[in-house]
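# Fold and geometry: a report
Residue-level listing of the chains:
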Amino acid sequence: MITALLAGWSMVPAAHADITPVSPAQCADMRAGKVITAANPVPCARLARVSFDYTDFDGATRQGAVVVLDAVAPQVESLFGELLLRAFPLAGARALEEFDGDDQRSMAANNSSAFNGRPMTGGGSWSKHAYGAAIDINPLQNPYVSQAGSSAQEVLPPKGSSYLQRTPAQAGMAEEVVSVFYDHGFLIWGGQWKQPIDYQHFEIGSRGFIVRLASLPRAQARAEFERYVAAYRRCAHPGAPSAQATAAAVSDDDTEEDTTLRDQCAARLRK
């Protein structure tokens, strides 16, 4: 099955994908666009821009980009490549400076994004987005819900209220690609939180782990993150060669996914 799958991949036209360091000019644009300040816990020198092709909700191929911590950039590039192979739709992936770093404006535009030097929603500490270690996808289809079920419930973006019923899954809902994010080291999904519920949000792990990656030299941090990813794949895809573990996870048509094992591995191995 895996051999046939990989052979099929070879017939897919090459998609555009690229990783580049955030340049001084791009960093200046991010400062002007209120996306980063001198107080941010990760400087521009440790950020990378990952550009990629994606499928939009009309089935057309578009180009987008996100900024992430350099250590996780290769896995993020592969992650978006898998979303493209699955034809998982994204509404857009535009630079946060186009929204003046305003998370709610970005959400209202249904914009998928990663780095943003901002505090946590509803809190004062740095968001994990400020480290480039979290990704939000399709905020409209995957809203942020605070005080869920109470009279004070708030949904962001507000139009996301139309997507609070999560079954049956609709196009662009995160539930369809949780395994893709896990296979690339984003082992926490906000859709599994009890309060708040953040369906759009994926992050790699604890603040301590993220701070460690950001403090290590780039090559060493990347190697540690790759080991983290490999440990999860060995657990979630027992018996699959490591180079093909993710390929096995992509083939939903042939094999029913063991989500229980997936979630157990993520809970046990996340740092």
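Higher on the page you've got the structure.
Below, the structure is looked at part by part. (Residues numbered from 1 in each chain as written. Predicted model: local features only at pLDDT ≥ 70, side-chain atom pairs only at ≥ 80, totals over all residues. Heavy atoms only, no water.)

### Looking at the sheet that holds strand E9 (residues 201-203)
Our working rule: Whether two strands pair comes down to DSSP finding at least two bridges between them. Secondary structure elements follow DSSP: runs of H or I no shorter than four residues count as helices, runs of E no shorter than two count as strands, and numbering proceeds from the N terminus.
Spatial ordering of the open sheet is given by E4-E9-E7, a layout of 3 strands whose pairing is antiparallel. The open sheet has two free edges, formed respectively by strand E4 (134-136) and strand E7 (188-189), since each of these has just one partner strand. One ladder, built from 3 bridges, connects E4 with E9; its direction is antiparallel. Note on E9: the bridge partner recorded for Ile-135 is Phe-202.

### Considerations on the packing of helix H6 (residues 207-215) against helix H7 (residues 218-236)
Cut-off, in case you're wondering: For helices, the fitted line uses only the C-alpha atoms of the stretch in contact; every axis is such a line through C-alpha atoms, and the angle between N-to-C directions lies from 0 to 180 degrees. Throughout, a residue-residue contact means that at least one pair of heavy atoms, one from each residue, lies within 4.5 Å. Only Asp, Glu, Lys and Arg are considered charged in this grouping, and only Ala, Val, Leu, Ile, Met, Phe, Trp, Tyr, Cys and Pro are considered nonpolar; every other residue, Gly among them, is considered polar.
For the pair H6 and H7, the least separation of the axes is 8 Å and the interaxial angle reads 140°. On the side of H6, the interface is formed by Phe-209, Arg-212 and Leu-213, while H7 contributes Ala-221, Glu-224, Phe-225 and Tyr-228. Across the contact of H6 with H7, the residue classes break down as 5 nonpolar, no polar and 2 charged.

### Concerning unusual backbone geometry
Apart from glycine, the bulk of residues carry a negative phi angle, and the bulk of peptide bonds sit in the trans form. For clarity, the threshold we go by: When accessible area is computed with a 1.4 Å probe and restricted to protein chains, residues below 20% of their type maximum are described as buried, those above 50% as exposed, and intermediate ones as partly exposed.
The residue after Leu-156, namely Pro-157, is reached through a cis peptide bond having omega -10°. Tracing the backbone shows Pro-157 in the loop between strand E6 (154-156) and helix H5 (178-183). A cis amide bond links Thr-167 to the next residue, Pro-168, at an omega of -5°. Checked against the element boundaries, Pro-168 lands in the loop between E6 and H5. In this model, Gln-147 sits at a positive phi of 50°, which is unusual for a non-glycine residue. The class of Gln-147 is partly exposed, set by a relative accessible area of 43%.

### Some thoughts on the state of the cysteines
The test is simple: The rule for a disulfide is simple: a pair of cysteine sulfur atoms within 2.5 Å.
Within the structure shown, the criterion is met by 2 disulfides. Cys-27 shares a disulfide with Cys-44; S-S distance 2.1 Å. Where Cys-27 bonds to Cys-44 through sulfur, the torsion about that S-S bond is close to 80°, and the disulfide is right-handed. Residue Cys-27 is located in helix H2 (residues 24-32), and its partner Cys-44 is located in the loop between H2 and strand E2 (47-55); the two are separated by 17 residues in the primary sequence. The exposure classification of Cys-27 matches that of Cys-44, with both residues buried. Here Cys-235 engages in a disulfide with Cys-265; their sulfurs sit 2.0 Å apart. Linking Cys-235 and Cys-265, the disulfide has an S-S dihedral of approximately -80° and is accordingly described as left-handed. Linking Cys-235 in helix H7 with Cys-265 in helix H9 (residues 259-269), this pair joins segments that are 30 residues apart in sequence. Residue Cys-235 shares its accessibility class with Cys-265, and that shared class is buried. Numbered by position along the chain, the disulfide-linked cysteines of the protein chain connect as 1-2, 3-4.

### Quick notes on the side chain of Asn-116
The residue Asn-116 is located in the loop between helix H4 (103-108) and E4 in this model. The residues contacting Asn-116, other than those within four sequence positions of it, are Lys-34, Val-35, Leu-96, Gly-101, Asp-103, His-129 and Ala-130.

### Looking at the environment of Asp-18
Structurally, Asp-18 can be placed in strand E1 (residues 17-21). As a C-alpha pair, Asp-18 and Ala-48 span 30 residues in sequence and 10.0 Å in three-dimensional space. What Asp-18 contacts, discounting residues up to four positions off in sequence, is Arg-49, Val-50, Ser-51 and Glu-77.

### Thoughts on helix H3 (residues 73-85)
In plain terms, the rule: Here the expected span of a helix is defined as 1.5 Å times the quantity of residues minus one.
Along its 13 residues, H3 runs 19 Å from first to last C-alpha, staying within 8% of the 18 Å computed at 1.5 Å per residue. Those residues of H3 that sit buried are Ala-73, Gln-75, Val-76, Leu-79, Phe-80, Glu-82, Leu-83 and Leu-84.

### Details of the nonpolar core
Filter applied, for reference: Side-chain atoms within 4.5 Å link the members of a nonpolar core, which is a set of buried Ala, Val, Leu, Ile, Met, Phe, Trp, Tyr and Cys residues.
Formed by 61 residues in total, the largest nonpolar core has its most connected members in Val-76, Phe-80, Ile-137, Phe-186 and Ile-204. Secondary-structure elements contributing two or more residues to this core are H2, E2, strand E3 (61-69), H3, H5, H6, H7 and H9. Sorting elements by how many residues they give to this core places H7 first, with 7 residues. In contact with Phe-186, other than residues within four places in its own chain, are Val-72, Val-76, Leu-79, Ala-133, Ala-134, Ile-135, Phe-181, Phe-202, Glu-203 and Ile-204.

Nothing here speaks to function; it is geometry throughout.
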